[in-house]
Amino acid sequence: MFQGASSLSLDAKGRLAVPTRHREPLLAQAGGQLTITKHPDGCLMVFPRPAWEAFSARIAQLPMQAQWWKRIFLGNAMDVEMDGTGRVLISPELRAAAGLVKEAVLLGMGTHFELWDKTTYEAKEAAAMQAQMPDVFKDFSF
């Protein structure tokens, strides 16, 4: 289970250092092999390869009505590998899709991560905190 938020910086080449606490599990679970693709909310999803294989199999089985979403998720997916220092290269196309330039936020989302432009994430989080909670939380106890 990946959880927690990390503030990160991309280097001039578009590389991102995976936080130390996630490196060992990613090496054990996926040999450092990851897949990155677009998320409909404007961020990127970063999957350890086994989790990506399960996710992509589910997407591939969607009906023809979902063809454009198949293209978004599967057609934009890029396989990457952590280097010896725990960095991954985010392609220029995926950086542009998520508006990633320098400052980023990596969120552990259980089986995968979300990678956000820091300013975009902070704005969307603030808007969500100001909005009314969704109905699914009405009977939820904190």
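Details of the structure are given in the entry above.
Residues numbered from 1 in each chain as written. Predicted model: local features only at pLDDT ≥ 70, side-chain atom pairs only at ≥ 80, totals over all residues. Heavy atoms only, no water.

1. Details of the overall build of the protein chain
Then step 1. Helices and strands together make up the secondary structure of the protein chain, namely five helices and eight strands.
Then step 2. In the protein chain, the succession of α and β elements from N to C terminus is β-β-α-β-β-α-α-β-β-α-β-β-α.
Then step 3. For a compact globule of 142 residues, the expected C-alpha radius of gyration is about 14 Å, and the protein chain comes in at 16 Å, within 12% of that figure.
Then step 4. Summarising its shape, the C-alpha atoms of the protein chain cover approximately 45 × 35 × 30 Å along the three principal directions.
Then step 5. For the protein chain, with 142 residues in total, the buried portion stands at 39%.
Then step 6. In the protein chain, of all internal contacts separated by at least 6 residues, the share reaching a separation of at least 24 is 57%.
Then step 7. Computing the positive centroid from 15 side-chain charges and the negative centroid from 15, the protein chain places the two 4 Å apart. (Helix = DSSP H or I, 4+ residues; strand = E, 2+ residues; numbered from the N terminus. Rg over C-alpha atoms; globule rule 2.2 N^0.38 Å. Buried < 20%, exposed > 50% of the residue type's maximum accessible area, 1.4 Å probe, protein only. Contact = heavy atoms within 4.5 Å. Lys, Arg positive; Asp, Glu negative; His and termini not counted. Charge placed at Lys NZ, Arg CZ, Asp CG, Glu CD.)

2. What to know about the nonpolar core
Most often, soluble globular proteins keep nonpolar side chains buried together rather than apart.
Then step 1. Core analysis: the largest hydrophobic core is formed by 21 residues, its most contacted members being Leu 44, Val 88, Ile 90 and Leu 115.
Then step 2. Sequence-distant contacts of Leu 44, that is, excluding residues within four places in its chain, are made with Ile 36, Thr 37, Lys 38, His 39, Ile 90, Leu 94, Ala 98, Leu 100, Phe 113, Glu 114 and Leu 115.
Then step 3. With seven residues, the next largest nonpolar core counts Met 45, Phe 47, Phe 55 and Phe 73 among its residues. (Core = buried A, V, L, I, M, F, W, Y, C linked by side-chain atoms within 4.5 Å.)

3. A closer look at the pairing of strand S7 (residues 103–110)
Then step 1. S7 sits mainly inside the fold: six of its eight residues count as buried.
Then step 2. In terms of strand pairing, S7 meets strand S8 (residues 113–117) through five bridges, oriented antiparallel. Bridge pairing in S8 links Val 105 to Trp 116.
Then step 3. Counting the residues in the hairpin turn of S7 and S8 gives two residues. (Pairing = 2+ DSSP bridges.)

By themselves, these figures tell us nothing about what the structure is for.
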